[in-house]
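Residue-level structural notes
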Amino acid sequence: MSVYESTSMWKEVDSYFSQVLIAEDDALITARESARLHHLPPHEVAANQGAFLGLLTRAVGARRVLEIGTLAGYSTIWLARAVGDNGHVTTLEVEPQYAAIAQENLRRAGVSQVVDLRVGPALNSLATLVRKGVEPFDLVFIDADKPNNPGYLEAALALTRRGSLIIGDNVVRDGEVADAASQDDRVQGVRTFLAMLGSDPRLDATALQTVGSKGWDGFAIAVVRTP
Ligand code: DHB
Ligand code: MG
């Protein structure tokens, strides 16, 4: 069976998992729909992936989460709900129009008070956080423009502590990640990011492929080993 023949089955299974496992409330559904309504790139995580991020956040007891790439705030809602009322999510978005849509979605989800949405190029916002010496984050989710992934990882390392998790979205890209000669600068950004994860003595890392309603893609996950 080719990748293309199997895609509809991947979607069916995701849909089944969502029915049986995932309680997407009106705020999450509206967040996803708002992204379509306003023609944002269809890059928010699937419901079961959002739930996965929430579970990881709870599993490590994360109180401080950093998200790079907000879009309409769909994954932000999952993360904010997982940190709880005493937790905090800082999320970074370059597009003011997307940020405005996200703010409304976060308000509707009842999580505005735990989310700090910072508008501007994420590398600038990250440099500001590093300069201010903010308390380390317990979990970082990197899900923005892929060519900047290496810079995002460097910043994430400066903003975490021993035991923090760093998660990267979209590390498979329909398998193109395995093509060293790819001309796509997003693929090359992900390849450099993975090479850094694999070779940096400060990190233990792996990556997993996923299939589903978002096609064939995957997550990288790393634990910070050093203080
Ligand atoms: C792309 C980015 C994403 O975050 C995603 O989930 C899917 C695709 C992209 O830049 O192509
Ligand atoms: Mg993504």
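Throughout what follows, the structure given in this document is the object of discussion. (Residues numbered from 1 in each chain as written. Chains lettered and ligands numbered in written order. Predicted model: local features only at pLDDT ≥ 70, side-chain atom pairs only at ≥ 80, totals over all residues. Heavy atoms only, no water.)

1. Some points on a nonpolar patch on the surface
Our working definition: Patch building starts from residues that exceed 30% relative accessible area and form no salt bridge, then joins like charges within 9 Å and nonpolar side chains (Val, Leu, Ile, Met, Phe, Trp, Tyr) within 5 Å. Areas reported as accessible are Shrake-Rupley estimates using a 1.4 Å probe. Residue values count occlusion only from the protein chains shown. Salt bridge, as used here: a side-chain nitrogen of Lys or Arg that lies within 4 Å of a carboxyl oxygen of Asp or Glu. The helix count covers DSSP runs of H or I at least four residues long, the strand count covers runs of E at least two residues long, and both are numbered beginning at the N terminus. Throughout this description, buried means an accessible area under 20% of the type-specific maximum (1.4 Å probe, protein chains only), exposed means over 50%, and partly exposed covers the range between.
A surface patch of nonpolar side chains, amounting to about 490 Å² of accessible area, comprises Val13, Tyr16, Phe17, Val20 and Leu21. For Phe17, the position within the fold is in helix α1 (residues 3-21). Taking the relative accessible area as the measure of exposure, Phe17 reaches 34% and is therefore partly exposed.

2. Quick look at the sheet that holds strand β4 (residues 137-142)
The following threshold applies: Pairing between strands is defined by DSSP: at least two bridges between them are needed. Axis angles are defined between N-to-C directions and span 0 to 180 degrees, where every axis is a line fitted to C-alpha atoms and, for a helix, only to the segment in contact. Throughout, a contact is declared for two residues whenever any of their heavy atoms are within 4.5 Å.
Strand order across the open sheet formed by seven strands is β3-β2-β1-β4-β5-β7-β6, with mixed pairing between neighbours. Each edge of the open sheet is held by one strand with a lone partner, namely β3 (115-119) and β6 (203-212). Put simply, the sheet's adjacent strands are angled 15° from each other on average, direction ignored. Across five bridges, β4 lies against strand β5 (residues 160-169) in parallel orientation. In the strand pairing of β5, Phe141 is matched with Ile167. Packing of helix α8 (residues 185-199) onto the sheet brings it into contact with β4, β5, β6 and β7 (215-224), and relative to β7 it is tilted by some 35°.

3. Quick word on the site of ligand 1
Our working rule: Being near a molecule or strand, for a residue, means having at least one of its heavy atoms within 4 Å of it. Any pair of N or O atoms that falls within 3.5 Å is considered a polar contact. Within protein, one atom must be able to donate a hydrogen and the other to accept it, and sequence-neighbouring residues count only if both atoms are side-chain atoms. By the convention adopted, Pro, Cys, Tyr, Trp, Phe, Met, Ile, Leu, Val and Ala count as nonpolar, Lys, Arg, Asp and Glu as charged, and the other residues, Gly among them, as polar.
The immediate surroundings of ligand 1 are formed by His43, Asp143, Lys146, Asp169, Asn170, Arg173 and Arg186. In this structure, an oxygen atom belonging to ligand 1 sits 2.7 Å away from a side-chain N or O atom of Asp143. Within the side chain of Lys146, one N or O atom sits 3.1 Å away from an oxygen atom of ligand 1. Within the complex, 81% of the 290 Å² of free accessible area of ligand 1 lies under protein. Per-class residue counts for the shell around ligand 1 are no nonpolar, two polar and five charged.

4. What about the side chain of Glu67?
The following threshold applies: Positive: Lys, Arg. Negative: Asp, Glu. His and the chain ends are not part of the count.
The residue Glu67 is located in strand β1 (residues 64-68) in this model. For the buried Glu67, no salt bridge is present, and the opposite-charge side chain at shortest range is Lys146, 10 Å distant. Within the structure, Glu67 has its side chain in polar contact with the side chain of Ser75 (distance 2.5 Å). For Glu67, the contacting residues outside a window of four places in its chain are Ser75, Thr76, Leu79, Thr90, Thr91, Leu92 and Phe141.

5. Here's the deal with the pattern of salt bridges
Oppositely charged side chains can pair when the atoms bearing their charge come close. As enumerated under the stated definition, the model contains 14 salt bridges in all. Note that Arg32 and Glu24 form a salt bridge whose closest N and O atoms lie 3.1 Å from each other. Judged by relative accessible area, Arg32 falls into the partly exposed class, the value being 21%. Notably, a salt bridge pairs Arg161 with Asp138, separated by 2.9 Å at the nearest N-O pair. Taken as a pair, Arg161 in strand β5 and Asp138 in strand β4 lie far apart in primary sequence, 23 residues in all.

6. Concerning the coordination of the magnesium ion (ligand 2)
In an ideal octahedron of six donors the angles at the metal are 90 or 180 degrees, and in an ideal tetrahedron of four donors they are 109.5 degrees. As a reminder, the rule being used: Water is not part of the atom set, so a site may look incomplete; the donors themselves are N, O and S atoms within 2.8 Å of the metal, or 3.2 Å for Na, K and Ca.
Donor atoms from the polypeptide that bind the magnesium ion (ligand 2) are Asp143 (OD), Asp169 (OD) and Asn170 (OD1), placed at 1.9 to 2.1 Å. Here the donor residues of the magnesium ion (ligand 2) are spaced in sequence according to D-x25-D-N.

7. Overview of the packing of aromatic side chains
To describe a pair of aromatic rings, one takes the distance between the centres and the angle between the planes. Cut-off, in case you're wondering: Classification of ring pairs uses Phe, Tyr and Trp, with its six-membered ring standing for Trp, and accepts pairs whose centres are within 6.5 Å; under 30 degrees between planes counts as stacked, over 60 as edge-to-face, and the remaining range as tilted. Counted as over-ring charges are cases with an Arg CZ or a Lys NZ within 6 Å of the ring centre that also lie within 35 degrees of the ring normal.
Here the structure, examined in full by the defined rule, presents two aromatic pairs. Both rings, one in Tyr16 and one in Phe17, keep their centres 6.1 Å apart while their planes meet at 40°; by these two values the pair is tilted. We classify Tyr16 as partly exposed; its relative accessible area is 48%. A cation sits over an aromatic face here: Arg32 above Tyr74, 4.3 Å from the ring centre. A cation over an aromatic ring shows up here: Arg64 above the ring of Phe137, its NZ or CZ 4.5 Å from the ring centre.

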